[in-house]
Amino acid sequence: MLRGIDVSAYQSSSYGTDGLSFVFIKATEGRSYVNPKLAAQAKHGRDAGLVVGFYHFLWPGNLTAQAEYFVSHAPEKAGDILAVDWETTGEGTHASNAEKDSFIRKVRALRPNNRVILYCNRSYWLNVDDTSYAGDGLWIADYVTAGKPRIKANWRFHQYTDDPLDKNVANFASKAALREWAHKA
C-alpha cells in the first residue's frame, strides 16, 4: 500500500511529504469556490515528486457548469488524477446518483487524458449510491484499518482517518505503478 494525504485550504501549503507517494488537493466547490492555496499546494506536491490529484466538492444542479468550473481551475497535466467529492453539502443536500454520474462523465469528456475517480464515504457507497459508477476508480472513506475498508467493491484509494489530517492509502504495488495507471487515462 502506498501512503498519501488529501489537503484543502485548512492545511498548510508546505504540508509534510515524507513517506508519501500521492496527494489530493481540493480545487473547487460548486461554481463559486476555489481553494486559495491550490497553486502552492500543487507545486509543493510536485516538487516532492508526489502523484498529484485534484478534487471538486459536488453540489446538486448545474453539473455541466460545475465540471467546466472544476477543469478550468484544476491544473491540466498528464498523470494528474481528478476526483469528484460526493457527500452531503453544508446545506444538508447532495447531488443525485444521476448528477454524480453525469459529472464524472462530463469531466472525463473535458479531460480525456486524466483519470477521473469518485470519492465518497462508506455510508454513501452502501446506502445512497445505486449505480456503482465510480469512473476510473473508487476512493472510499471508511475510518478503519488502512487498506481494509468495509466494502466489497474494488477500490483504488482508501481514506482511513482524518486525525490529525486526512490520511489515505492507495492499492498499488509501487509509486511507479500508480504513476503508470494515472498516465494511462
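Check the entry above for the structure.
Owing to the predicted nature of the structure, the values given are computational and were not obtained by experimental measurement. (Residues numbered from 1 in each chain as written. Predicted model: local features only at pLDDT ≥ 70, side-chain atom pairs only at ≥ 80, totals over all residues. Heavy atoms only, no water.)

(A) Quick peek at the packing of aromatic side chains. This structure, assessed with the given rule, holds eleven aromatic pairs. The interplanar angle of 80° and the centroid separation of 6.2 Å between the aromatic rings of Tyr 55 and Trp 139 together place this pair among those described as edge-to-face. Of this pair, Tyr 55 sits in strand 4 (residues 51-57) while Trp 139 sits in strand 7 (residues 138-141), and the two are 84 residues apart along the sequence. Classification of Tyr 55 by relative accessible area gives buried; the value is 8%. A ring pair is formed by Tyr 119 and Trp 139, whose centres lie 4.7 Å apart and whose planes are at 70°; its orientation type is edge-to-face. Taken as a pair, Tyr 119 in strand 6 (residues 115-121) and Trp 139 in strand 7 lie far apart in primary sequence, 20 residues in all. (Phe/Tyr/Trp six-rings, centres within 6.5 Å; stacked < 30°, edge-to-face > 60°. Helix = DSSP H or I, 4+ residues; strand = E, 2+ residues; numbered from the N terminus. Buried < 20%, exposed > 50% of the residue type's maximum accessible area, 1.4 Å probe, protein only.)

(B) How the structure looks around the nonpolar core. Judged by nonpolar contacts, the single largest core of 37 residues is most densely connected at Ile 25, Phe 54, Leu 118 and Leu 138. In terms of residue count, helix 2 (residues 63-73) provides more of this core than any other element does, four residues in total. Residues contacting Leu 138, with those up to four places away along its chain left out, are Leu 118, Cys 120, Trp 125, Ile 151, Ala 153, Asn 154, Trp 155, Arg 156 and Phe 157. Residues Val 51, Tyr 55, Ala 83 and Trp 139 belong to the second largest nonpolar core, which totals 17 residues. (Core = buried A, V, L, I, M, F, W, Y, C linked by side-chain atoms within 4.5 Å. Contact = heavy atoms within 4.5 Å.)

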